[in-house]
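Chains, contacts and geometry: an overview
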Amino acid sequence: MSEHERHQSKGMVPFHRPSIGEEEIAEVVDTLRSGWLTTGPKVARFQREFAAAIGARHALAVSSATAALHLALEAVGVTAGDEVIVPTYTFTATGEIVTYLGARPVLADCRADTLNIDVTTIERHLSSRTKAIIPVNIAGQVCDMEPILELARTRGLAVIEDAAHALPATYKGRPIGTIGDLTAFSFYATKTITTGEGGMVTTNRDDHAARVKSMSLHGLSGDAWNRYAAQGRWYYEVTDFGFKYNMTDVAAALGLQQLQRMAEFQRRREQIASRYGEAFGELETCFVPRDVGLGMHAWHLYILEVNPPALRIDRNDVIERLRQRGVATSVHFIPLHLQPVYQRVCGYRQGQFPMAEAAYARAISLPIYPAMTDADVDCVIDAVRATLRESRR
Ligand SMILES: Cc1ncc(COP(=O)(O)O)c(C=O)c1O
């Protein structure tokens, strides 16, 4: 019995289930049979097709979005003593990579409607040491980028987009991945397309692309994967102390097939979001996520917020009751400033970012993924409505 069948037989809707079809399996098997397991022709093809799909000049495949963010920040020259503005309402990857370079993550609060940072929340934290800003497109909804880019231009700052949630979102008609100086995507198992573990850096700048490419493979010069090809050259130079962040051809094989289905996956996610919106939009006991209409939403997450004054139980109890009704949920995010390491090392404390704290206390991420059946969606709707109804004040 597969994991999916086990969940179904128990009437459970898991929080996520990847959509891996026969095409993905065949492409991986083809890779295994080719004898080329690590970075090779499939990675090269995945990069080309990804760049073409979003209209970016360069796409560089790496082992995760964390690696992508690290390389992007390194490429714009962030170094020890610099400050980088990061939302507190995000996953720790966005903040931790700043510390890899000896720089300091400076946290910013989010907006109540989109949970994203914006130019006003960023401006409060600028200093003479600020070197870069990392806007995160929370849940797959883009930040309002024009004012952020304008601020960055006037202050000489780099903009690295954390688009771990945001493939294939758009901003005012432009695909994400073509807007900030560099953009980082994630292909982690739960993301909108997956390679198991994996990530991509996109940029329109040749110098940034060259730097990312070299530093993702030990700081080697030139076309490193070519080194192993039949007619490849054996000589290489190590021009810097780099990292080991390259993607494997096995992962790229999955990515090539998932990329073909990206638009279909987005449509299904949007459909599910719209069913949830219809089912919960009128309830006083919760708030549905707001699409502010800046472009296409990738709907990686559906963050429902409970309305505490309207309920006799808190968010954690709602999660537990949903679990008892067979619906697995999650919470995105525990703000970074509430985490022990950000408090101990960076001096943050509870109470500093009221919007993020309020959102965190209310947030429940509901299942939203293309492998959900209509019956799964009904099951989530029924469980949420029943739980909120029985818990009304
Ligand atoms: C906002 C955000 N950025 C970065 C990451 C890191 O992605 P990866 O697991 O591919 O390193 C995540 C992972 O969930 C994330 O949610």
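Values in this document were obtained by computation on a predicted structure and should not be read as measured data. (Residues numbered from 1 in each chain as written. Predicted model: local features only at pLDDT ≥ 70, side-chain atom pairs only at ≥ 80, totals over all residues. Heavy atoms only, no water.)

Here we look at the sheet that holds strand β11 (residues 302–306)
For clarity, the cut-off: Here, any two strands with at least 2 DSSP bridges between them count as paired. Numbering goes from the N terminus for both helices and strands, where a helix is a DSSP run of H or I of at least four residues and a strand is a run of E of at least two. Between two residues, a contact is recorded if the distance between any of their heavy atoms is within 4.5 Å. Note on definitions: angles span 0 to 180 degrees between N-to-C directions of axes, and those axes are lines fitted to C-alpha atoms, for helices only across the stretch in contact.
One open sheet holds the 3 strands; their spatial order is β10-β11-β12, and the pairing between them is antiparallel. Each end of this open sheet is capped by a strand with a single partner; those strands are β10 (286–287) and β12 (363–366). Two elements, β10 and β11, share 2 bridges in a ladder whose sense is antiparallel. Residue pairing across strands places Cys-286 opposite Val-306, the latter belonging to β11. Running at roughly 25° to β12, helix α11 (residues 315–324) makes contact with β11 and β12 of the sheet.

Digging into the domain arrangement of the protein chain
We apply this condition: Each domain's limits were defined by an automated method or a database of domain assignments. Salt bridges, as used here, are contacts in which a Lys or Arg side-chain nitrogen is within 4 Å of a carboxyl oxygen on Asp or Glu. Two N or O atoms count as a polar contact when they lie within 3.5 Å, although within protein this holds only if one can serve as hydrogen donor and the other as acceptor, and sequence-adjacent residues are included solely when both atoms are side-chain atoms.
In terms of domain boundaries, the protein chain breaks down into domain 1 (22–260) and domain 2 (262–390). Summarising the inter-unit geometry, the C-alpha centres of domain 1 and domain 2 are found 26 Å apart. In this assembly, 44 residues from domain 1 lie in contact with 34 residues from domain 2. Scanning the region where domain 1 abuts domain 2 turns up 1 salt bridge. With a closest N to O distance of 3.6 Å, Arg-290 and Asp-113 form a salt bridge. Applying the counting criterion to the domain 1 and domain 2 interface returns 19 residue pairs in polar contact (both at pLDDT 80 or more). Secondary-structure elements contributing two or more residues to the side of domain 1 that touches domain 2 are β2 (83–87), α5 (92–100), β3 (104–108), β6 (170–171) and α9 (249–260). The greatest single-element share of the side of domain 1 that touches domain 2, amounting to 5 residues, is contributed by β3.

As for unusual backbone geometry
Residue Pro-168 follows Leu-167 across a cis peptide bond; omega there is 0°. Following the sequence through the fold, Pro-168 ends up in the loop between β5 (158–162) and β6. Along the chain, His-332 connects to Phe-333 via a cis peptide bond; the corresponding omega equals 5°. Of note, Leu-115 is a non-glycine position whose phi angle comes to about 70°, a positive value. The residue Leu-115 is located in the loop between β3 and α6 (119–123) in this model.

Quick look at the packing of α11 against helix α14 (residues 374–390)
Rules: For classification purposes, angles smaller than 35 degrees are called roughly parallel, those larger than 145 roughly antiparallel, those between 65 and 115 roughly perpendicular, and all remaining angles oblique. Here a crossing is called left-handed whenever its near helix is offset anticlockwise from the far helix by less than a right angle, and right-handed whenever the offset is clockwise. For this classification, Asp, Glu, Lys and Arg are treated as charged, while Ala, Val, Leu, Ile, Met, Phe, Trp, Tyr, Cys and Pro are nonpolar and the rest, including Gly, are polar.
Closest axis-to-axis distance for the α11/α14 pair is 10 Å, and the angle between their directions is 130°. What the angle tells us is that α11 and α14 run oblique. When you trace α11 past α14, the crossing you get is right-handed. Together, Val-318, Arg-321 and Leu-322 of α11 and Ala-383, Val-384, Thr-387 and Glu-390 of α14 make up the contact between the two elements. Within the contact of α11 with α14, the residues separate by chemical class into 4 nonpolar, 1 polar and 2 charged.

Things to note about the pairing of strand β1 (residues 58–62)
For clarity, the threshold we go by: Burial classification: accessible surface area is computed with a 1.4 Å probe over protein chains only, and a residue below 20% of its type maximum counts as buried, one above 50% as exposed, and the rest as partly exposed.
For β1, a buried count of 4 out of 5 residues is recorded, marking the element as mostly surrounded by other parts of the structure. In terms of strand pairing, β1 meets strand β9 (residues 199–203) through 5 bridges, oriented antiparallel. Bridged to Val-62 within β9 is Gly-199.

Examining the environment of Val-250
On the secondary structure map, Val-250 appears in helix α9. For the pair Val-250 and Leu-311, spaced 61 residues apart in sequence, the C-alpha separation works out to 48 Å. With residues up to four places along the chain from it excluded, the contact list for Val-250 reads Val-28, Thr-31, Leu-32 and Leu-37.

Re the nonpolar core
The nonpolar side chains of a soluble globular protein tend to be buried, and buried together. Rule in force here: Each nonpolar core is a collection of buried residues, namely Ala, Val, Leu, Ile, Met, Phe, Trp, Tyr and Cys, held together in the definition by side-chain atoms within 4.5 Å.
Phe-46, Phe-50, Leu-73, Ile-134, Ile-176, Phe-185 and Phe-187 are the most contacted members of the largest nonpolar core, which totals 91 residues. The leading source of residues in this core is helix α4 (residues 65–75), at 7 residues. Two domains share this core, each providing at least three of its residues, namely domain 1 (22–260) and domain 2 (262–390). In this structure, Ala-273, Tyr-302, Val-306 and Leu-322 belong to the second largest nonpolar core, which totals 27 residues.

Quick word on the packing of helix α3 (residues 41–54) against α9
Where α3 meets α9, the closest approach of the two axes is 8 Å, and the angle between their N-to-C directions is 30°. Here α3 lies roughly parallel to α9, going by the angle between them. Here the hand of the crossing between α3 and α9 comes out left-handed. Contact with α3, carried on its side by Pro-41, Lys-42, Val-43, Arg-45, Phe-46, Glu-49, Phe-50 and Ala-53, involves Asp-249, Ala-252, Ala-253, Gly-255, Leu-256, Leu-259 and Gln-260 of α9 and no other residues of that element. Split by residue class, the contact of α3 with α9 holds 9 nonpolar, 2 polar and 4 charged.

Structural notes on the pattern of salt bridges
Following the criterion strictly, the structure yields 24 salt bridges and no others. Of the charged contacts in the structure, one is a salt bridge between Arg-57 and Asp-206, with a shortest N-O distance of 2.6 Å. Here the residue Arg-57 occupies a position in the loop between α3 and β1, and Asp-206 occupies one in helix α8 (residues 206–215), the gap between them amounting to 149 residues. Exposure remark for Asp-206: the relative accessible area of 41% places this residue in the partly exposed category. Of the charged contacts, one joins Arg-261 and Glu-264 as a salt bridge, the two residues approaching to 4.0 Å between their closest N and O atoms. By sharing partners, the salt bridges in this structure join Glu-27, Asp-30, Lys-42, Arg-45 and Glu-49 into a single network.

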